[in-house]
Amino acid sequence: MGHLANAWNLLSSRESYRILWRALREEPWQLILLNLYARLSGNKHSRIELAEKLYYPSAIRQEKRETRKLLRRWTAAASDQLRVRVIHICRKADPDTLLGLLDPTERAICSYQHVPLQSDGVDIGAAFRQNAADRVNQSNSPQLSLLVHHDVRLRRGCIALLAETLGKEGHAVVLYGNHDYLRQDQRTLPQYKTSWDPFLVRHQNYLGSLLCLTELAVNALSQTLTGTHSAYTLGLELDKANVSIQGIPDILYHDLSPADTLYPQQPWELARLKSILQQQSIRSEIHATSYVGVLDIHYMADSNPSVEIIIPYRDHPELLRTCVESLLDHTRYENYKLCLVDNDSSDATVIEYANHLVTSSHSVRYLHFPGEFNYSAINNHAVHSSTADYVLFLNNDTEVTHSGWLCSMIAIALQRDVGTVGAKLLYPDRSIQHAGVELGIGAGAGHVFLGYPEDHPGYMHRLLCHQSYPAVTGACMLTSKELFISLGGFDEENFKVDYNDVDYCLRLRKKGLRNVWCKDAVLMHYESRSRGRGGEKIQGNSSLSKHLAKNQIINARAIPYCK
């Protein structure tokens, strides 16, 4: 009777009709089935397992069709013009297992080199230098180095796919891809990976067990790599070497390990991570987690730049009081001030409260912004009159819950190539409201892991890690004042209410800067209580559509099935 009652409540709810109508317009029927199944079963997170059962068999069939086409092109393109050195790092040499699924035309151009796995890693630099020396005695054909770690099988078409990708993306010098697990000759548990992210790779070796390196990358790394390395530490070195790294949205290999977990970091690997962070002047505390292969990293700032927290509001004194008092009571970071921007409040209580704050504290200032609600214009006005180094945009319907939130955000904002930093926002029931914004969700852009429990690890343990996203929400967003002004601030014409944060973040991405989600900054968000839901629709908005069209670097498959 429990499922029947849930079904009746679902069908008798007006809100459910609206959800269903929106889903019919925006989603394929399979996603509607996933959401319906999740709500009836009372476990929305079973969608991931169900999605795998629904989608992956057909994805495998599609992959086989595409592979046949690819190999026909590969044969026609004279594959003998390429040489591939496969460096296999494992306990025991097993070329037949590793290369057994490759097409004969692929295997013919591969040479196999076994590098025994030691407890303290291997000298990958020596293997690269040996490859460079061997090239003197070989033909002039270009050579790829395939670095394979642990027990895996390359999928059929893997070599052809890598070569074709490098041919189209000439700037990329290192490639990695997705993988799945092979259990009793059945492919299962596909692992779809995000684009290159130096923040995420510090937490876990999400790149996996296969890296494809061009001669340019091998030559660069062979000169700088010293000591022993593993696949994990090589990923850290790739960030330090500043080489071009690209993920491709295809399955490249099948993992033969008995468990669907990441490989645990060894003590010497943790020491290498700490050394690399120290070289980049990044202070941190690093601990193991209960999830194998995932590290918990807390960053700490070496300086304390000034921050102004900008809070627009109109009436709703209870929201403003909760927001401000939580800030004053629970913010350990000292070098900050508040800027209250009143958008024509008429409630005497909120006016009196704002006046009290300004007169009782030198760290609170007041601005009046009259006229219609234009979130972009309100915040632009406040930033231009600010004297702080950083500005933090904060909704008045938020509440700070722990003291270290701003310290954590500043520590990330001060790192290289960071444009904005976003927080982890929770609904009042402590489910996730914001953990990053991804393109391709809904009508254009949406929040990932929406509605997941606060302590859920997320797909591929992503909720345990600081990481980059195409955008973060402006409900709690930290950015440099100088950078914000140099980009023209928020777009006051095209994005008066919604999507101004996404637009700003995409402009930062265009400049090569990252939008980082900070897992350690946690706030409550009573979303849209001050002005209600709704706002601008993304359809027909030419400005954002232009951004979506131009930002091909962002892979919308990075976090599947999280809607």
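Quick note: structure is the one above.
Fair warning: this is a prediction, and the values are worked out from it, not measured in the lab.

A.B. asks: For the packing of helix H13 (residues 317–330) against helix H14 (residues 348–360), give the residues involved together with the corresponding values.
C.D. replies: As a packed pair, H13 and H14 sit with axes 9 Å apart at the nearest point and diverge in direction by 25 degrees. In this view, H13 runs roughly parallel relative to H14, as classed from their interaxial angle. Considering how the two elements wind past one another, H13 and H14 form a crossing that is left-handed. Taken together, the residues of H14 that come into contact with H13 (itself represented by Pro 317, Leu 320, Arg 321, Val 324 and Glu 325) are Thr 349, Val 350, Tyr 353 and Leu 357.

A.B. asks: Outline the environment of Leu 262, listing residues and values.
C.D. replies: Relative to the helices and strands, Leu 262 is located in the loop between strand S8 (245–255) and helix H12 (267–279). Put simply, Leu 262 and Gly 293 are 31 residues apart on the chain and 4.8 Å apart in space, counted from C-alpha to C-alpha.

A.B. asks: Go over the nonpolar core with me, naming the residues and quoting the values.
C.D. replies: With 81 residues, the main nonpolar core has Ile 309, Leu 392, Trp 405 and Met 409 as its most contacted residues. For this core, the element with the highest residue contribution is helix H16 (residues 405–413), accounting for seven residues. In contact with Trp 405, not counting residues within four places along its chain, are Ile 309, Leu 327, His 330, Thr 331, Leu 392, Val 400, Cys 476, Asp 520, Ala 521, Val 522 and Leu 523. Judged by nonpolar contacts, the second largest core, of 29 residues, contains Trp 74, Leu 144, Val 152 and Ile 159.

A.B. asks: Any chance you could break down the packing of aromatic side chains for me, citing the residues and the numbers?
C.D. replies: Taken as a whole, this structure holds nine aromatic pairs when the rule is applied. Measuring from centroid to centroid gives 6.1 Å for Tyr 176 and Tyr 206, while their planes differ by 90 degrees, and the two rings are edge-to-face. Here Tyr 176, found in strand S5 (residues 174–183), pairs with Tyr 206, found in the loop between helix H9 (198–203) and strand S7 (210–213); they are 30 residues apart in sequence, far enough to count as distant. The residues Tyr 176 and Tyr 206 share a single accessibility class, namely buried. Ring centres of Tyr 375 and Phe 490 lie 6.0 Å apart, and the angle between their planes is 40 degrees; this geometry places the pair in the tilted category. Residue Tyr 375 is found in helix H15 (residues 375–384), and its partner Phe 490 is found in the loop between helix H17 (481–486) and helix H18 (500–510); the two are separated by 115 residues along the sequence. Through a chain of ring-to-ring contacts, three or more aromatic side chains come together here, namely Tyr 375, Phe 393, Phe 484, Phe 490 and Tyr 504.

A.B. asks: Can you tell me about the pattern of salt bridges, naming the residues and giving the values?
C.D. replies: Tallied over the entire structure, the rule returns 16 salt bridges. Put simply, Glu 325 and Arg 321 hold a salt bridge, and the shortest N to O gap is 3.6 Å. Of this pair, Glu 325 and Arg 321 both sit in helix H13, four residues apart, which is roughly one turn of the helix. The class of Glu 325 is partly exposed, set by a relative accessible area of 35%. When the shortest N-O distance is used, the salt bridge between Arg 416 and Asp 417 registers 3.5 Å. Exposure remark for Asp 417: the relative accessible area of 39% places this residue in the partly exposed category.

A.B. asks: How would you explain the pairing of S8 if you had to name every residue and give the values?
C.D. replies: When you tally the buried positions in S8, you get eight out of 11 residues, the bulk of the element. Taken together, the three bridges between strand S4 (residues 152–154) and S8 define a ladder with antiparallel strand orientation. Counted as the bridge partner of Val 152 is Asp 255 from S8.

Rules of the game
Residues numbered from 1 in each chain as written. Predicted model: local features only at pLDDT ≥ 70, side-chain atom pairs only at ≥ 80, totals over all residues. Heavy atoms only, no water. Axes fitted to C-alpha atoms, helices over the stretch in contact; angles between N-to-C directions. Helix = DSSP H or I, 4+ residues; strand = E, 2+ residues; numbered from the N terminus. Parallel < 35°, antiparallel > 145°, perpendicular 65-115°, else oblique. Left-handed = near helix turned anticlockwise from the far one by under 90°. Contact = heavy atoms within 4.5 Å. Core = buried A, V, L, I, M, F, W, Y, C linked by side-chain atoms within 4.5 Å. Buried < 20%, exposed > 50% of the residue type's maximum accessible area, 1.4 Å probe, protein only. Phe/Tyr/Trp six-rings, centres within 6.5 Å; stacked < 30°, edge-to-face > 60°. Salt bridge = Lys/Arg side-chain N within 4 Å of Asp/Glu carboxyl O. Pairing = 2+ DSSP bridges.

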